[in-house]
Amino acid sequence: MNRRNFLIAASSSLTAAFAGPAMSAEPLKELRIGYQKIGALLIVKEQKVLEQRFEPQGVRVRWVEFAFGPPLLEALGAGAIDYGYTGDSPPIFAQAARANLLYAGAIPARGYGQAIVVPAASAIEGIADLKGKKIAVAKASSAHNLLVAALESVKLPWSGITPVYLAPPDAAAAFVRGAVDAWSIWDPFLAIAELKQKARALPLDRGVSAQNSFFLVNGDFAAKHPDVVATINGAIATATKWADEHRDQVAAILSEASGVDLAAESRSVNRAEFTFGPLNDDVLAQQQGVADRFQRLGLIPAPIRVRDIVWPWKSNT
(Lines give C-alpha, C1' and ligand atoms only; values in the text may rest on other atoms or scores of the structure.)
Protein backbone atom coordinates (compact mmCIF):
# COMPACT_ATOMS: atom_id res chain seq x y z
CA MET A 1 0.00 0.00 0.00
CA ASN A 2 1.42 3.38 -0.93
CA ARG A 3 1.58 6.29 1.53
CA ARG A 4 -1.44 8.09 0.09
CA ASN A 5 -3.66 5.00 0.29
CA PHE A 6 -2.69 4.02 3.81
CA LEU A 7 -3.18 7.60 5.01
CA ILE A 8 -6.67 7.63 3.52
CA ALA A 9 -7.50 4.23 5.00
CA ALA A 10 -6.12 5.13 8.41
CA SER A 11 -7.91 8.48 8.42
CA SER A 12 -11.22 6.84 7.62
CA SER A 13 -10.89 4.29 10.41
CA LEU A 14 -9.80 6.95 12.92
CA THR A 15 -12.69 9.23 11.99
CA ALA A 16 -15.20 6.42 12.39
CA ALA A 17 -13.67 5.37 15.70
CA PHE A 18 -14.24 8.67 17.44
CA ALA A 19 -17.23 10.19 15.72
CA GLY A 20 -18.45 11.77 18.92
CA PRO A 21 -21.27 14.03 20.07
CA ALA A 22 -21.98 17.50 18.78
CA MET A 23 -19.62 20.21 19.89
CA SER A 24 -20.34 22.57 22.74
CA ALA A 25 -23.18 25.06 22.39
CA GLU A 26 -20.76 28.01 22.24
CA PRO A 27 -19.72 28.49 18.60
CA LEU A 28 -16.13 27.64 17.79
CA LYS A 29 -14.68 29.05 14.57
CA GLU A 30 -11.05 27.93 14.79
CA LEU A 31 -9.20 25.17 16.62
CA ARG A 32 -5.49 25.92 17.07
CA ILE A 33 -3.19 22.98 17.76
CA GLY A 34 0.43 23.42 18.80
CA TYR A 35 2.62 20.56 17.64
CA GLN A 36 6.18 19.41 17.22
CA LYS A 37 7.33 17.19 14.37
CA ILE A 38 7.28 14.14 16.60
CA GLY A 39 4.78 11.72 18.07
CA ALA A 40 1.09 11.01 17.94
CA LEU A 41 -0.10 14.56 17.40
CA LEU A 42 1.85 14.73 14.14
CA ILE A 43 0.12 11.51 13.03
CA VAL A 44 -3.25 13.13 13.76
CA LYS A 45 -2.16 16.16 11.73
CA GLU A 46 -0.88 14.22 8.74
CA GLN A 47 -4.01 12.07 8.55
CA LYS A 48 -6.26 15.15 8.82
CA VAL A 49 -8.47 13.45 11.36
CA LEU A 50 -9.47 16.63 13.18
CA GLU A 51 -10.20 18.40 9.90
CA GLN A 52 -12.62 15.62 8.95
CA ARG A 53 -14.32 15.89 12.32
CA PHE A 54 -14.58 19.67 12.68
CA GLU A 55 -14.52 21.35 9.29
CA PRO A 56 -17.99 20.08 8.28
CA GLN A 57 -19.23 22.06 11.29
CA GLY A 58 -17.53 25.24 10.11
CA VAL A 59 -14.51 24.98 12.40
CA ARG A 60 -11.12 25.61 10.83
CA VAL A 61 -8.24 23.52 12.24
CA ARG A 62 -4.96 25.43 12.32
CA TRP A 63 -1.66 23.72 13.15
CA VAL A 64 1.12 25.81 14.70
CA GLU A 65 4.60 24.29 14.73
CA PHE A 66 7.08 24.68 17.62
CA ALA A 67 10.68 23.49 17.90
CA PHE A 68 10.21 22.24 21.47
CA GLY A 69 7.97 22.44 24.51
CA PRO A 70 8.64 25.68 26.44
CA PRO A 71 7.66 28.13 23.66
CA LEU A 72 4.65 25.97 22.84
CA LEU A 73 3.37 26.21 26.41
CA GLU A 74 4.07 29.92 26.53
CA ALA A 75 1.73 30.29 23.55
CA LEU A 76 -0.79 27.90 25.11
CA GLY A 77 -0.90 29.75 28.41
CA ALA A 78 -1.32 33.06 26.60
CA GLY A 79 -4.25 31.73 24.59
CA ALA A 80 -2.44 31.90 21.23
CA ILE A 81 -3.13 28.17 20.75
CA ASP A 82 -5.73 25.89 22.33
CA TYR A 83 -4.09 22.46 22.69
CA GLY A 84 -0.56 21.06 22.46
CA TYR A 85 2.01 18.39 23.33
CA THR A 86 5.26 18.52 25.36
CA GLY A 87 7.57 16.50 27.53
CA ASP A 88 7.45 16.51 31.32
CA SER A 89 9.38 19.64 32.30
CA PRO A 90 7.73 22.46 30.31
CA PRO A 91 4.40 22.14 32.18
CA ILE A 92 6.24 22.44 35.50
CA PHE A 93 7.82 25.75 34.54
CA ALA A 94 4.56 26.95 33.00
CA GLN A 95 2.56 26.14 36.13
CA ALA A 96 5.18 27.84 38.27
CA ALA A 97 4.71 30.93 36.10
CA ARG A 98 0.93 30.65 36.63
CA ALA A 99 0.21 29.95 32.98
CA ASN A 100 -3.44 29.34 32.17
CA LEU A 101 -3.29 25.69 31.17
CA LEU A 102 -4.41 22.21 32.21
CA TYR A 103 -3.09 18.68 31.69
CA ALA A 104 -5.48 16.94 29.28
CA GLY A 105 -3.77 13.55 28.89
CA ALA A 106 -0.51 11.63 29.15
CA ILE A 107 1.72 9.15 27.37
CA PRO A 108 3.56 7.14 30.05
CA ALA A 109 7.09 6.30 28.90
CA ARG A 110 9.67 3.64 29.70
CA GLY A 111 12.57 5.96 28.95
CA TYR A 112 14.10 4.70 25.72
CA GLY A 113 13.65 7.85 23.63
CA GLN A 114 15.98 10.20 25.49
CA ALA A 115 19.57 10.04 26.69
CA ILE A 116 22.69 11.94 27.66
CA VAL A 117 25.19 11.36 24.89
CA VAL A 118 28.91 11.96 24.43
CA PRO A 119 31.12 11.72 21.34
CA ALA A 120 32.21 8.20 20.45
CA ALA A 121 35.84 8.86 21.37
CA SER A 122 35.06 10.69 24.63
CA ALA A 123 36.77 9.53 27.81
CA ILE A 124 33.49 10.06 29.68
CA GLU A 125 32.09 6.66 30.66
CA GLY A 126 29.40 7.46 33.18
CA ILE A 127 27.31 10.26 34.68
CA ALA A 128 29.82 10.86 37.47
CA ASP A 129 32.43 11.69 34.82
CA LEU A 130 30.37 14.74 33.80
CA LYS A 131 31.80 16.68 36.76
CA GLY A 132 33.22 19.94 35.50
CA LYS A 133 31.95 19.34 31.95
CA LYS A 134 29.87 21.48 29.62
CA ILE A 135 26.55 19.87 28.78
CA ALA A 136 24.12 21.12 26.14
CA VAL A 137 20.45 21.02 27.12
CA ALA A 138 17.26 22.83 26.21
CA LYS A 139 16.20 24.84 29.25
CA ALA A 140 12.90 23.81 30.86
CA SER A 141 12.63 20.82 28.51
CA SER A 142 12.27 17.13 29.35
CA ALA A 143 16.01 16.82 28.65
CA HIS A 144 16.59 19.36 31.43
CA ASN A 145 14.82 17.08 33.88
CA LEU A 146 16.71 14.07 32.54
CA LEU A 147 20.03 15.79 33.19
CA VAL A 148 19.06 16.95 36.68
CA ALA A 149 17.76 13.49 37.64
CA ALA A 150 20.85 11.77 36.24
CA LEU A 151 23.17 14.01 38.25
CA GLU A 152 21.12 13.40 41.39
CA SER A 153 21.41 9.64 40.85
CA VAL A 154 25.19 9.85 41.31
CA LYS A 155 25.06 12.63 43.92
CA LEU A 156 26.69 15.12 41.58
CA PRO A 157 25.30 18.60 42.35
CA TRP A 158 23.92 20.82 39.62
CA SER A 159 26.72 23.26 40.41
CA GLY A 160 29.18 20.50 39.51
CA ILE A 161 28.53 20.86 35.78
CA THR A 162 28.20 23.76 33.36
CA PRO A 163 24.82 23.66 31.59
CA VAL A 164 24.85 25.21 28.14
CA TYR A 165 21.26 26.14 27.36
CA LEU A 166 20.61 25.61 23.66
CA ALA A 167 17.60 24.70 21.53
CA PRO A 168 18.04 21.27 19.91
CA PRO A 169 19.28 22.44 16.48
CA ASP A 170 21.88 24.73 18.07
CA ALA A 171 22.85 22.02 20.55
CA ALA A 172 23.33 19.57 17.68
CA ALA A 173 25.73 21.98 15.98
CA ALA A 174 27.64 22.58 19.24
CA PHE A 175 27.91 18.82 19.82
CA VAL A 176 29.23 18.17 16.32
CA ARG A 177 31.93 20.83 16.54
CA GLY A 178 33.01 19.78 20.05
CA ALA A 179 31.92 22.96 21.79
CA VAL A 180 30.22 20.88 24.53
CA ASP A 181 31.27 17.67 26.23
CA ALA A 182 27.84 16.04 26.34
CA TRP A 183 24.27 16.57 25.26
CA SER A 184 20.98 15.74 27.00
CA ILE A 185 18.42 15.17 24.26
CA TRP A 186 15.38 13.28 22.98
CA ASP A 187 14.37 11.57 19.74
CA PRO A 188 14.67 12.05 16.83
CA PHE A 189 17.68 14.28 17.60
CA LEU A 190 19.05 11.43 19.71
CA ALA A 191 18.71 8.92 16.89
CA ILE A 192 20.33 11.31 14.41
CA ALA A 193 23.31 11.81 16.73
CA GLU A 194 23.64 8.07 17.26
CA LEU A 195 23.55 7.27 13.55
CA LYS A 196 25.45 10.22 12.07
CA GLN A 197 27.93 11.13 14.80
CA LYS A 198 28.10 7.69 16.45
CA ALA A 199 27.17 9.42 19.70
CA ARG A 200 27.31 7.15 22.73
CA ALA A 201 24.58 7.18 25.36
CA LEU A 202 25.76 7.14 28.96
CA PRO A 203 24.32 4.38 31.16
CA LEU A 204 21.21 5.50 33.04
CA ASP A 205 18.94 3.83 35.53
CA ARG A 206 15.46 3.38 34.02
CA GLY A 207 14.03 5.19 37.01
CA VAL A 208 15.95 8.25 35.84
CA SER A 209 15.28 8.04 32.12
CA ALA A 210 11.59 7.04 32.19
CA GLN A 211 9.84 10.33 31.53
CA ASN A 212 6.23 10.89 30.60
CA SER A 213 4.86 13.13 27.86
CA PHE A 214 1.77 15.29 28.16
CA PHE A 215 -1.03 16.90 26.21
CA LEU A 216 -2.20 20.23 27.59
CA VAL A 217 -5.07 22.57 26.93
CA ASN A 218 -5.63 26.26 27.56
CA GLY A 219 -7.73 26.65 30.71
CA ASP A 220 -10.30 29.02 29.23
CA PHE A 221 -10.68 26.87 26.13
CA ALA A 222 -11.27 23.73 28.24
CA ALA A 223 -13.96 25.50 30.24
CA LYS A 224 -15.79 26.68 27.12
CA HIS A 225 -15.34 23.59 24.94
CA PRO A 226 -14.98 20.42 27.03
CA ASP A 227 -16.54 18.28 24.27
CA VAL A 228 -13.93 19.55 21.81
CA VAL A 229 -11.12 18.61 24.21
CA ALA A 230 -12.66 15.16 24.61
CA THR A 231 -12.85 14.77 20.83
CA ILE A 232 -9.19 15.74 20.40
CA ASN A 233 -8.29 13.24 23.09
CA GLY A 234 -10.31 10.63 21.24
CA ALA A 235 -8.32 11.32 18.08
CA ILE A 236 -5.05 10.93 19.93
CA ALA A 237 -6.13 7.74 21.68
CA THR A 238 -7.10 6.15 18.38
CA ALA A 239 -4.01 7.47 16.59
CA THR A 240 -1.67 6.06 19.23
CA LYS A 241 -3.31 2.65 18.97
CA TRP A 242 -2.98 2.75 15.19
CA ALA A 243 0.64 3.95 15.42
CA ASP A 244 1.60 1.16 17.81
CA GLU A 245 0.39 -1.37 15.24
CA HIS A 246 1.90 0.36 12.15
CA ARG A 247 5.36 1.52 13.17
CA ASP A 248 6.93 1.27 9.72
CA GLN A 249 4.20 3.50 8.31
CA VAL A 250 4.57 5.91 11.21
CA ALA A 251 8.31 6.22 10.56
CA ALA A 252 7.60 6.99 6.90
CA ILE A 253 5.02 9.65 7.80
CA LEU A 254 7.30 11.31 10.34
CA SER A 255 10.28 11.22 7.98
CA GLU A 256 8.34 12.89 5.19
CA ALA A 257 6.85 15.52 7.51
CA SER A 258 10.06 16.34 9.38
CA GLY A 259 12.72 15.85 6.74
CA VAL A 260 14.59 13.56 9.14
CA ASP A 261 16.30 10.57 7.54
CA LEU A 262 14.06 7.48 7.52
CA ALA A 263 16.67 5.39 9.35
CA ALA A 264 16.70 7.86 12.25
CA GLU A 265 12.91 8.08 12.36
CA SER A 266 12.66 4.28 12.28
CA ARG A 267 15.02 4.01 15.23
CA SER A 268 13.01 6.64 17.11
CA VAL A 269 9.64 5.08 16.34
CA ASN A 270 10.74 1.55 17.22
CA ARG A 271 11.53 2.59 20.79
CA ALA A 272 8.69 5.11 21.18
CA GLU A 273 5.68 4.70 23.43
CA PHE A 274 2.30 4.82 21.70
CA THR A 275 -0.20 4.80 24.55
CA PHE A 276 -2.54 7.49 25.79
CA GLY A 277 -4.84 8.13 28.71
CA PRO A 278 -5.66 10.32 31.71
CA LEU A 279 -3.10 11.19 34.36
CA ASN A 280 -3.35 8.27 36.77
CA ASP A 281 -1.90 8.26 40.28
CA ASP A 282 1.47 6.90 39.12
CA VAL A 283 1.88 9.54 36.42
CA LEU A 284 0.80 12.27 38.82
CA ALA A 285 3.31 11.10 41.43
CA GLN A 286 6.11 11.04 38.86
CA GLN A 287 5.26 14.51 37.59
CA GLN A 288 5.05 15.85 41.13
CA GLY A 289 8.53 14.43 41.67
CA VAL A 290 9.78 16.44 38.69
CA ALA A 291 8.23 19.60 40.12
CA ASP A 292 9.74 18.99 43.56
CA ARG A 293 13.17 18.35 42.02
CA PHE A 294 13.19 21.67 40.16
CA GLN A 295 11.95 23.54 43.21
CA ARG A 296 14.70 22.07 45.42
CA LEU A 297 17.28 23.37 42.98
CA GLY A 298 15.67 26.81 42.86
CA LEU A 299 14.86 26.43 39.17
CA ILE A 300 11.24 27.26 39.99
CA PRO A 301 10.60 29.78 42.75
CA ALA A 302 8.08 27.97 44.94
CA PRO A 303 6.45 24.55 45.38
CA ILE A 304 3.60 23.68 43.03
CA ARG A 305 0.92 20.98 43.16
CA VAL A 306 0.57 19.24 39.79
CA ARG A 307 -2.84 17.82 40.64
CA ASP A 308 -4.27 21.34 40.81
CA ILE A 309 -4.16 21.79 37.03
CA VAL A 310 -5.44 18.44 35.75
CA TRP A 311 -8.45 18.61 33.44
CA PRO A 312 -11.29 16.33 34.63
CA TRP A 313 -11.18 13.55 32.06
CA LYS A 314 -14.25 13.38 29.87
CA SER A 315 -14.96 10.65 27.33
CA ASN A 316 -16.26 11.64 23.92
CA THR A 317 -18.18 8.40 23.50
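Undergrad: How should the packing of helix α4 (residues 69-78) against helix α5 (residues 89-96) be read in this particular structure?
TA: Each pair of packed helices gets described by two things: the angle between the helix axes and the distance between those axes. Following both chains from N to C, one finds α4 and α5 inclined at 40°, their axes separated by 9 Å at the closest point. Looking at the two axes, α4 sits oblique to α5. Considering how the two elements wind past one another, α4 and α5 form a crossing that is right-handed. Residues Gly-69, Pro-70 and Leu-73 of α4 pack against Pro-90, Pro-91 and Ala-94 of α5. Of the residues that constitute the contact of α4 with α5, the class distribution is five nonpolar, one polar and no charged.

Undergrad: Whenever I open this one, empty space enclosed by the protein confuses me. Can you help?
TA: In this approach, a probe sized like a water molecule rolls over the atoms, and the result shows the empty space that is left. As enumerated under the stated definition, the model contains one cavity of 30 Å³ or more in all. Computed from the structure, the largest cavity encloses a volume of approximately 540 Å³. Residue assignment for the lining of the largest cavity shows that the elements contributing at least two residues are α2 (39-46), β3 (83-86) and α13 (262-270). Here the lining of the largest cavity takes three residues from α13, the largest share from any one element.

Undergrad: In this structure, what is going on with the sheet that holds strand β6 (residues 134-137)? I would like to understand it.
TA: Here five strands make up an open sheet; going across it, the order is β7-β6-β8-β5-β9 and the pairing mixed. For this open sheet the edge positions go to β7 (162-165) and β9 (200-201), each flanked by a neighbour on one side alone. Sheet analysis places β6 next to strand β8 (residues 182-186), joined by two bridges and oriented parallel. By the bridge assignment, Ile-135 is partnered in β8 with Ala-182. Against the sheet, helix α6 (residues 142-153) makes contact with β5 (114-118), β6, β7 and β8, and its axis sits at roughly 125° relative to β8, the strand it touches most. Packing against the sheet, helix α8 (residues 189-196) makes contact with β5 and β8, and its axis sits at approximately 130° to β8.

Undergrad: How should I be thinking about unusual backbone geometry in this particular structure?
TA: Negative phi values dominate among residues other than glycine, just as trans dominates among peptide bonds. Look at the link from Asp-187 to Pro-188: it is a cis peptide, with omega at 0°. Here Pro-188 is to be found in the loop between β8 and α8. We note that Lys-155 has phi near 60°; this positive angle belongs to a residue other than glycine. Within the secondary structure layout, Lys-155 lies in the loop between α6 and β7. The phi torsion at Lys-198 lies on the positive side, around 55°, for a residue other than glycine. Note that Lys-198 resides in the loop between α8 and β9. The class for Lys-198 is exposed, based on a relative accessible area of 54%.

Thresholds, definitions, all that
- Counting of residues starts from 1 at the beginning of each chain's written sequence and follows it residue by residue.
- For this predicted model, a pLDDT threshold of at least 70 governs which residues receive local features, and a threshold of 80 or more governs which side-chain atom pairs are given and counted, while totals over whole chains, interfaces and linings are taken from all residues.
- Based on all heavy atoms of the structure, the side-chain values leave hydrogens and waters out of the count.
- A fitted line through C-alpha atoms represents every axis, and for helices the fit uses only the stretch in contact; the resulting angles, taken between N-to-C directions, go from 0 to 180 degrees.
- Only DSSP runs of H or I reaching four residues or more are called helices, and only runs of E reaching two or more are called strands; each is numbered from the N terminus.
- Roughly parallel here means an angle under 35 degrees, roughly antiparallel means over 145, roughly perpendicular means 65 to 115, and every remaining angle is called oblique.
- The sense of a crossing depends on the near helix, which, turned anticlockwise from the far helix by less than a right angle, makes the crossing left-handed and, turned clockwise, makes it right-handed.
- Any pair of residues with heavy atoms lying within 4.5 Å of one another is described as a contacting pair.
- Residue polarity is assigned by list, with Asp, Glu, Lys and Arg as charged and Ala, Val, Leu, Ile, Met, Phe, Trp, Tyr, Cys and Pro as nonpolar; anything else, Gly included, falls into the polar class.
- Grid points spaced at 1 Å over the protein atoms alone were grouped into cavities, where a 1.4 Å probe fits but cannot get out, and pockets, open sets with protein on both sides within 12 Å along at least five of seven lines, with lining residues defined by an atom within 4 Å of a point.
- Grid points are joined across faces, edges and corners, and a volume is the space filled by probe spheres set on the points.
- For two strands to be treated as a pair, DSSP must find at least two bridges joining them.
- Using a 1.4 Å probe on the protein chains alone, a residue whose accessible area is under 20% of its type maximum counts as buried, one over 50% counts as exposed, and one in between counts as partly exposed.

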